[in-house]
Amino acid sequence: MDTRTAILAYSFSEKLKTGLLWSTQLVEIYIGQSDDQRAGSVAVIRAIVSMIASEVQLAANLVPMEQWEDVDKNLDLALVMINSGVVQESSYHLTQALSHVTTIGQRSMSRLLEKGLL
């Protein structure tokens, strides 16, 4: 991994981790809400997860790495759960996506540390 790739991958991973953590937290909030509050929450969760998926596509285009496919797959599955009305089940897939993004970030950070840039 060259320096430019490591910097971009690290930057994207940090941004995506934040979004995935927020999304997972929103799912937890959704679980505790009453039925009349849930419709608005679903719309917000769907919008944020869709934005994260778009950002993953951008990352995959700028920083070609196989791991982005795993992130994308898990986000697609999370959206399927959300759209199917089992929002609480999306949490598992969001967590899996977070795990893959964290791995990308760790590998990038290690490369940057080796080069003395972090």
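Quick note: structure is the one above.
Structure report, in brief.

Quick notes on the rules
Residues numbered from 1 in each chain as written. Predicted model: local features only at pLDDT ≥ 70, side-chain atom pairs only at ≥ 80, totals over all residues. Heavy atoms only, no water. Helix = DSSP H or I, 4+ residues; strand = E, 2+ residues; numbered from the N terminus. Buried < 20%, exposed > 50% of the residue type's maximum accessible area, 1.4 Å probe, protein only. Salt bridge = Lys/Arg side-chain N within 4 Å of Asp/Glu carboxyl O.

1. Considering the overall build of the protein chain
So, point 1. Looking only at helices and strands, the protein chain features 4 helices and 0 strands.
So, point 2. From first element to last, N terminus to C terminus, the protein chain shows the α and β order α-α-α-α.
So, point 3. Overall, the protein chain is about 55 × 20 × 15 Å in size when its C-alpha atoms are taken along their principal axes.
So, point 4. Here the protein chain holds 118 residues, and 36% of them are scored as buried.

2. Brief notes about the pattern of salt bridges
So, point 1. Inspection of the entire model under this criterion finds 3 salt bridges.
So, point 2. Between Glu55 and Lys15 there is a salt bridge whose closest N-O contact spans 3.0 Å. Highlighted residues: Glu55 in helix H2 (residues 35–62) and Lys15 in helix H1 (residues 3–31), separated in sequence by 40 residues.
So, point 3. By relative accessible area, Glu55 is classed as buried at 16%.
So, point 4. In this structure, Glu114 engages Arg111 in a salt bridge whose closest nitrogen and oxygen atoms are separated by 3.4 Å. Pair noted here: Glu114 and Arg111 are both in helix H4 (residues 90–114), with a separation of 3 residues, about one helical turn.

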